[in-house]
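# Working through the structure, step by step
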Amino acid sequence: MKSIKSIYYNKKWFTISSSIVLFFNLCLLTALYVASEQTYYWSDFVNYQYFTEYIFEIYQDSRLDALNLILNSRDTTSYNLLFTVPLLPVFDIFGLSRFTYILSLVLFYLLPFALSLGAVATQIINAPARQVFWGTVFLSLLSPFTLATSFRGLPDTGGMTLICLAVFLYLQSHRASAKVRFPTIITLIGVGLLLAGAIAFRRHFAYSVVAFLGAMLIWEVMSFWKWGLGAIIATVLRVTTIALSIFLALAIAMPNFLQDSLNRDYRSLYLSFTHPIGDVLNYYGNGAGWLLWGLAILGWLSIQDSKRGAFPFLLGLWEIGLWLGIVRYTHVHYTLHFAPFLVWGIAALIWETRRVGVLVWILVGFNAIVGLTPLSLPQVPGLAQGYPPLVRDDIAQVDLLVAALRDMPQPVYVAASSEHLNPDLIRSAERQIYGDDLKLAVLRVPQVDSSDEYPLRALLQAQTVVVPDSFQHSLRPDEQTVVRVVSDAFNQEWTLIQDFLRLNRRFSLSDVEVRLYRRVRDTDLATAIATLAKMQAAIAPPL
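The model shown is predicted, which means the values in this text are computed figures rather than measured ones.

Summing up its helical and strand segments, the chain has 25 helices and four strands in all. Taking 24 Å as the expected radius of gyration for a compact globule of 543 residues, we find that the chain reaches 26 Å, a close match to that expectation. With respect to the principal axes defined by its C-alpha atoms, the chain has extents near 80 × 60 × 50 Å. The long-range share in the chain, meaning contacts at least 24 apart out of those at least 6 apart in sequence, stands at 76%. If you sum the accessible surface of the chain, you get close to 24,600 Å²; carbon and sulfur atoms cover 63% of it. When the 40 basic and 38 acidic side-chain charges of the chain are each reduced to a single mean position, those positions are 13 Å apart.

Listed below in structure tokens is the structure:
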């Protein structure tokens, strides 16, 4: 007992021992999570891993070529490859595997994120800094929203780390004074560069930057009554410094992206990905668990020094307001926008009201078990329904489907877009089963109405079509009619089906029956025009 106390009171040994425990826990959690998964990954759950493996192949031949490719990718409007930089040496040592990839994400992105959450917590909670820091770090590992993104294979946690570091720097630089000194200007420029880096890392953190600036403006305005005109000038200077730093950093490093962002109507382009407010509330509420949301709100209300916690609280409110009122996307990596609000709020509840601290730890721990593990526990209202390891019970059927498609004429059209069946799933399954011996040419086909073309062109190219017996969608049904019309064309026997032969073989994927169609002749012009007319009537019916 004495040795434990001596470690606790010795700052050096306490830091070392806490770091070791943290590292061990992260490795253990990662190993258990990845080992529990039995699935074929699809879309962003595996795309970033493939990007990393692609860069790694170039990296092995020429590190300079890999670096050039990574740097050139920064100024694009879609995926960039900046996240691969720290992962490549790990692959060089331990080789390519799902576990190596996920563990790399955890150590290089999730770990700094947890540490940055702890650092900010020391600025807003009135308690011994060392306790608050390490307690918040370990607390963050019990939040589904903190862990899920990395465990599912997305690197976005790195972007939110930059946001949290910007919050920390800003809180450090802020003083209850109307004066803005030169060192403060330098710090604010650093805040702007961090925020610009978050946008560069993953584009959706632009909303976090908007939330940051909005929260900052409100927080600064709150001091006007005390400092008068001087506070107004100081606020304008601080906001302008950060905003200008962000703009100049993006203009210099990513001019094409910046110009495209200012000119393109992304709201209309991604309209199909938006959901009603009620669905967004259910997704993020049930994902973390309404219990965690309740505890976090109680924690924010319990902060004794309201000035210290006002800015992070306002930042969280801005994030919630933007995602409920404007953005309204739902996906695992967007949960990061809410993770700081939850973690800081619960941390405040633990240290500001110590009497309930143990109970809070127990509730948060049980919520994590329910939301992140494959255990078949009874569903308790209010607890997380979040992000357990991905498990399919139809692996054998997917294997048979992929094997059958490899023997069919290419290319292949997959008329589905759900987690049970989609084009990415078939590509990924073949790669996981057969390695580099790839035969399938799965067409990249329209998936959403707001940004994709009619599916006729790809359908006319297809020699084999994979058709489920029911419409398979991942978004709102009325936003994926470009997917539905193709399955309807075969299930409702449009004229086009005469150009295909339906095979007798069936495949059962979860609760979906899948049939294969092989092209026997080219589609003539009259049939193509008639099919296009039907598609137009279904996708964009006349008013």
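We are not done yet, so read on.
The full count for this structure, using the stated rule, is 34 aromatic pairs. Relative to Tyr79, the ring of Tyr48 lies with its centre 5.3 Å away and its plane at 80 degrees, an arrangement referred to as edge-to-face. Residue Tyr48 is located in helix H3 (residues 44–61), and its partner Tyr79 is located in the loop between helix H4 (63–72) and helix H5 (88–94); the two are separated by 31 residues in the primary sequence. Both rings, one in Trp300 and one in Phe341, keep their centres 5.6 Å apart while their planes meet at 25 degrees; by these two values the pair is stacked. You can see Trp300 sitting in helix H17 (residues 290–302) and its partner Phe341 sitting in helix H19 (residues 339–352), a full 41 residues away along the chain. The exposure classification of Trp300 matches that of Phe341, with both residues buried. Directly above the ring of Phe45 sits Arg152, whose terminal nitrogen or CZ lies 5.6 Å from the centroid. The residue whose ring lies beneath Arg484 is Phe471, and the NZ or CZ to ring-centre distance is 6.0 Å.

Before going further, it helps to spend a moment on the pattern of salt bridges. Counted by the stated rule, this structure contains 12 salt bridges. Across the pair Arg63 and Asp92 runs a salt bridge, and its minimum N-O distance is 3.5 Å. Here Arg63 is found in helix H4, whereas its partner Asp92 is found in helix H5, with 29 residues between them in sequence. Overlapping salt bridges bring together Arg406, Glu430 and Asp437 as one network.

The strand order E1-E2-E4-E3 describes an open sheet built from four strands, whose pairing is mixed. Here the strands that pair on one side only, and so sit at the sheet edges, are strand E1 (412–414) and strand E3 (500–509). With direction set aside, neighbouring strand axes in the sheet form an average angle of 20 degrees. Note that strand E2 (residues 464–468) and strand E4 (residues 512–519) share five bridges and pair antiparallel.

Reading the values: the criteria
Residues numbered from 1 in each chain as written. Predicted model: local features only at pLDDT ≥ 70, side-chain atom pairs only at ≥ 80, totals over all residues. Heavy atoms only, no water. Helix = DSSP H or I, 4+ residues; strand = E, 2+ residues; numbered from the N terminus. Rg over C-alpha atoms; globule rule 2.2 N^0.38 Å. Contact = heavy atoms within 4.5 Å. Areas by Shrake-Rupley, 256 points an atom, 1.4 Å probe, with all protein chains shown as cover. Lys, Arg positive; Asp, Glu negative; His and termini not counted. Charge placed at Lys NZ, Arg CZ, Asp CG, Glu CD. Phe/Tyr/Trp six-rings, centres within 6.5 Å; stacked < 30°, edge-to-face > 60°. Buried < 20%, exposed > 50% of the residue type's maximum accessible area, 1.4 Å probe, protein only. Lys NZ or Arg CZ within 6 Å of the ring centre and 35° of its normal. Salt bridge = Lys/Arg side-chain N within 4 Å of Asp/Glu carboxyl O. Pairing = 2+ DSSP bridges. Axes fitted to C-alpha atoms, helices over the stretch in contact; angles between N-to-C directions.

Without other data, these values stay purely geometric and don't point to any function.
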